[in-house]
Amino acid sequence: MDNRTKEAIRYLGYGRQEADEQTFGLVADAFRELDETAKPRSIYRTFELQWKQTDTIRIEMMEIHSRNLSKNLKGCRQVVLLCGTLGIEVDYLIKRYSYTEMAKAVVMQACAAALLEEYLDERQEEIRTEMEKQDLYLRPRFSPGYGDFSILHQREILTLMEASKKIGLTMTESSMLTPTKSVTALIGLSTTQENCHQKGCEVCGKKDCIYRRES
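Residues numbered from 1 in each chain as written. Predicted model: local features only at pLDDT ≥ 70, side-chain atom pairs only at ≥ 80, totals over all residues. Heavy atoms only, no water.

**Details of helix 6 (residues 153-161)**
Operational definition: Burial classification: accessible surface area is computed with a 1.4 Å probe over protein chains only, and a residue below 20% of its type maximum counts as buried, one above 50% as exposed, and the rest as partly exposed. Going along the chain from the N terminus, every DSSP run of H or I of four or more residues is numbered as a helix, and every run of E of two or more is numbered as a strand. The arc in question is traced by the directions running from the helix axis to the C-beta atoms.
Restricting attention to buried positions, one finds in helix 6 the residues His153, Gln154, Ile157, Leu158 and Met161. Take helix 6 and look down its axis: the buried residues cluster within an arc of 140°, on one side only. Directly after helix 6, the chain includes Glu162, whose backbone phi takes a positive value near 55°.

The structure is reproduced here in structure tokens:
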């Protein structure tokens with residue numbers, strides 16, 4: 001079983017329980033359609049990181065108060081802002097199935113989430129390679145909505161990155177990203193190399209989350 005299939009099964013809530021053959025078949029079909037439909041795009045930029053207080057940082061005009069994010073970025077003086085999306089076509093595909101085959105729509109949602117994570121991992125690996133040329137090392141990416149990092153900061157990130165113009169990524173009044181299979185994230189840059197997981201579930205304080213990766 002490849003990693004994205006494992007992720008999709010996890011998103012479907014199976015945890016330690018083994019998925020049945022029918023579910024694996026639905027997952028495989030969903031990935032085939034998503035690979036044909038998705039049009040992933042991403043942008044990233046490096047910014048100077050200013051520390052205002054122990055739990056407060058500033059990036060350009062954006063000031064963030066978050067104990068969890070500050071812990072993640074401890075020792076960093078620069079940060080990468082990353083925005084990525086699978087494209088609006090994936091939203092249309094999932095919506096279409098939600099009208100005709102709800103079970104398939106649910107599986108499609110899980111597979112799209114796994115595909116987005118796979119894509120972001122690839123982009124992060126490219127960033128890691130580029131930054132290590134400058135003797136800088138990445139921390140796990142950290143997105144608005146994790147812990148006490150307010151999701152409301154997504155609007156500031158999108159504005160700062162000109163994400164609407166560059167990759168068609170916007171946000172609704174209720175702070176949901178459009179297209180929905182999209183992510184904004186911060187990645188700390190440190191001069192000290194640490195043994196951090198790429199995604200870092202350990203930065204999330206929700207210990208009872210059913211989607212939490214096993215250590």
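**Here's the deal with the sheet that holds strand 4 (residues 62-65)**
What counts, and what does not: Pairing between two strands is assigned when DSSP locates at least 2 bridges connecting them. Note on geometry: axes are lines fitted to C-alpha atoms, helical ones only across the stretch in contact, with angles between N-to-C directions running from 0 to 180 degrees. The contact criterion used throughout is that any non-hydrogen atoms of two residues lie within 4.5 Å.
If you trace the 3 strands from one edge of the open sheet to the other, you get 2-3-4, paired in antiparallel fashion. Because the sheet does not close on itself, it has two edges, and the strands there are strand 2 (50-53) and strand 4. Along the sheet, successive strands turn relative to each other by an average axial angle of 25°, direction set aside. Here 4 bridges tie strand 3 (residues 56-59) to strand 4, and the two strands are oriented antiparallel to one another. Bridge pairing links Ile57 to Ile64 in strand 4. Sheet strands in contact with helix 6 are strand 3 and strand 4, and its direction is about 150° off that of strand 4.

**Structural notes on the pattern of salt bridges**
Our working rule: Counted as salt bridges are all cases of a side-chain nitrogen of Lys or Arg within 4 Å of a carboxyl oxygen of Asp or Glu.
The final tally for this structure, using the stated rule, is 15 salt bridges. The salt bridge partner of Glu130 is Lys133, with a shortest N-O separation of 3.7 Å. On the accessibility criterion, Glu130 (34% relative accessible area) is partly exposed. The class of Lys133 is exposed, set by a relative accessible area of 61%. A salt bridge links Lys166 to Glu162, with the shortest nitrogen-to-oxygen separation between them at 3.6 Å. Each of Arg4, Asp35 and Glu118 takes part in salt bridges that share partners, so that together they form one network.

**Thoughts on the packing of helix 2 (residues 21-37) against helix 5 (residues 102-132)**
Heads up, the rule is: Between 65 and 115 degrees an angle is taken as roughly perpendicular, under 35 as roughly parallel, over 145 as roughly antiparallel, and anywhere else as oblique. The hand of a helix crossing depends on one turn: near helix anticlockwise from the far one by less than a right angle means left-handed, and clockwise means right-handed. Note that Gly is not counted as nonpolar here; it falls among the polar residues with everything else outside the nonpolar set of Ala, Val, Leu, Ile, Met, Phe, Trp, Tyr, Cys and Pro and the charged set of Asp, Glu, Lys and Arg.
The N-to-C vectors of helix 2 and helix 5 enclose an angle of 60°; their axes lie 9 Å apart at closest approach. As the angle between them shows, helix 2 and helix 5 are arranged oblique. Helix 5 is crossed by helix 2, and the crossing has right-handed handedness. When helix 2 is examined against helix 5, the residues Leu26, Val27, Ala30, Phe31, Glu33, Leu34 and Asp35 are found in contact with a partner set consisting of Lys104, Val107, Met108, Cys111, Ala112, Ala114 and Leu115. Here the contact of helix 2 with helix 5 is built from residues that sort into 11 nonpolar, no polar and 3 charged.

**Points about the environment of Met161**
Tracing the backbone shows Met161 in helix 6. Ignoring anything within four residues of it in the chain, the contact list for Met161 reads Ile43, Tyr44, Arg45, Phe47, Leu81, Cys83 and Lys166.

**Structural notes on the sheet that holds strand 5 (residues 78-85)**
A sheet is described by the order of its strands in space; here 4 strands give the open sequence 1-5-9-6, paired in antiparallel fashion. The open sheet terminates on both sides in strands that have one partner only, identified here as strand 1 (41-48) and strand 6 (137-138). Sheet contacts for helix 5: strand 1, strand 5, strand 6 and strand 9 (182-190); angle to strand 5, the most-contacted strand, approximately 150°.

**Topic: the confidence of the model for the protein chain**
Formally: A score between 0 and 100, pLDDT records how confident the predictor is in each residue.
Here the protein chain averages 90 in pLDDT, while 90% of its residues score no lower than 70. Counted against residues more than four places away or in other chains, residues 209-215, with its pLDDT under 50, gives 15 contacts.

**Some words on the packing of helix 1 (residues 3-11) against helix 2**
It is at 11 Å that the axes of helix 1 and helix 2 come closest, and there the two elements cross at 115°. Here helix 1 and helix 2 pass one another in a crossing that is right-handed. Residues Arg4, Thr5, Ala8 and Ile9 of helix 1 form the contact with helix 2, whose participating residues are Thr23, Phe24, Val27, Phe31 and Asp35. A per-class count over the contact of helix 1 with helix 2 returns 5 nonpolar, 2 polar and 2 charged.

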